[in-house]
Amino acid sequence: MDRNSGHQQEAGTEMTESRRRKTGLILEGGGMRGIYTAGILDVFMEENVHFDGVIGVSAGAIHGCSFVSGQAGRSIRYYKKYCGDRRFMSFYNLVTTGNIAEVNFCYHELPEKLDPYDYQAFERSETEFYVGCSNVETGKPEYIRMTDMKEQIAFMQASASLPYVSRIVKAGGMKLLDGGCTDSIPLRPFLKKGFKKNVVILTREKGYRKMPEHAKMARLFYFRYPAFVRALSHRHLTYNRTVEWIDRLEEQGKIYVIRPEHSLDIGRMEHDPNELERVYEIGREDGKRHLESLKRWLG
């Protein structure tokens with residue numbers, strides 16, 4: 001193959017990749033607030049709204065993976081069924097295992113047996129799926145491409161492993177925790193990966209700004225990882241700059257944002273299935289309300 005034909009092949013590959021990476025979906029986390037996102041995603045699935053790429057952080061990753069596998073209704077179903085189960089999320093778990101969520105139950109027993117995840121549908125999907133994690137040694141975000149949900153489940157666990165109430169997860173030669181510690185709304189990496197038209201689903205109302213972390217607690221828990229301590233100390237600044245940037249892009253029509261109109265007022269460890277249903281329905285209503293304008297924007 002001569003040099004020119006090589007360049008032509010490379011250019012053709014880049015053009016194909018560029019066309020394929022057209023639409024992206026970015027999912028913020030937020031503990032039980034994420035069930036709002038699940039409501040929107042279920043509407044998307046019912047109305048055949050698809051994306052070339054999805055990236056989720058923490059609860060955003062948890063609900064995003066069911067979107068990629070096409071399992072409408074799965075998130076609200078098992079959240080309501082197991083929210084009162086202490087293995088799902090409880091201080092009992094924290095005391096007895098060091099994790100607020102019981103790892104084997106949440107990442108193996110539940111998706112493999114109790115409410116089966118469709119691993120084959122995920123693998124067949126043409127949608128690229130990424131999860132955001134935080135590297136505690138570098139204090140930087142990591143964006144992991146998920147190609148095998150069962151084999152790579154540790155990255156899902158890491159993305160949703162809240163600081164202070166979860167053990168550090170070792171996966172891929174890294175030490176990882178909740179992706180929200182370093183990049184709660186990973187729009188920038190999707191832009192860099194070539195996703196041109198991005199939809200962002202937030203779980204906080206417009207105008208929300210994060211307050212500073214307790215610096216002493218960060219130093220106490222993670223004194224072996226000074227870069228991560230700095231990341232936690234700057235977390236509010238990173239988050240607030242990101243949402244201000246997102247607001248500007250939204251005003252310019254460069255991204256499409258869906259967020260609740262008001263605070264969802266749900267606890268991070270909500271155990272009341274009626275409260276979960278309430279927030280889920282808000283998500284469904286917002287999904288339906290945005291549907292036609294979103295389709296027009298996506299073209």
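Just so it is clear, the model here is predicted, and its values are computed rather than measured.

1. Side note on the pairing of strand E6 (residues 174–178)
And step 1. Among the five residues of E6, four are classified as buried, and the element is accordingly described as predominantly covered.
And step 2. Two strands pair when backbone bridges link them, and strand E3 (residues 128–135) and E6 are joined in this way by three bridges, in the antiparallel orientation. Bridge pairing links serine 134 to leucine 177 in E6.
And step 3. Here strand E5 (residues 169–171) runs beside E6; their pairing, made up of three bridges, is antiparallel. Bridge assignment links alanine 171 to a residue of E6, and that residue is methionine 174.
And step 4. The antiparallel hairpin formed by E5 and E6 contains two residues in its connecting segment, where glycine 172 sits at a positive phi of about 60°.

2. Digging into the pattern of salt bridges
And step 1. For the coordinates displayed, the defined rule picks out 19 salt bridges.
And step 2. Residue lysine 80 is joined to glutamate 277 by a salt bridge in which the shortest nitrogen-to-oxygen separation is 2.8 Å. With lysine 80 in helix H4 (residues 74–82) and glutamate 277 in helix H13 (residues 273–298), this residue pair connects regions lying 197 residues apart in the sequence.
And step 3. Overall, the relative accessible area of 24% leaves glutamate 277 in the partly exposed class.
And step 4. Between arginine 145 and glutamate 128 there is a salt bridge whose closest N-O contact spans 4.0 Å. Taken as a pair, arginine 145 in strand E4 (residues 140–146) and glutamate 128 in strand E3 lie far apart in primary sequence, 17 residues in all.
And step 5. Arginine 145 gets classed as partly exposed once you look at its relative accessible area, which sits at 37%.
And step 6. By relative accessible area, glutamate 128 is classed as buried at 0%.
And step 7. Taken together, the salt bridges that share partners define one network made up of Lys206, Arg209, Glu244, Asp247, Glu250 and Arg259.

The rules behind the values
Residues numbered from 1 in each chain as written. Predicted model: local features only at pLDDT ≥ 70, side-chain atom pairs only at ≥ 80, totals over all residues. Heavy atoms only, no water. Buried < 20%, exposed > 50% of the residue type's maximum accessible area, 1.4 Å probe, protein only. Helix = DSSP H or I, 4+ residues; strand = E, 2+ residues; numbered from the N terminus. Pairing = 2+ DSSP bridges. Salt bridge = Lys/Arg side-chain N within 4 Å of Asp/Glu carboxyl O.

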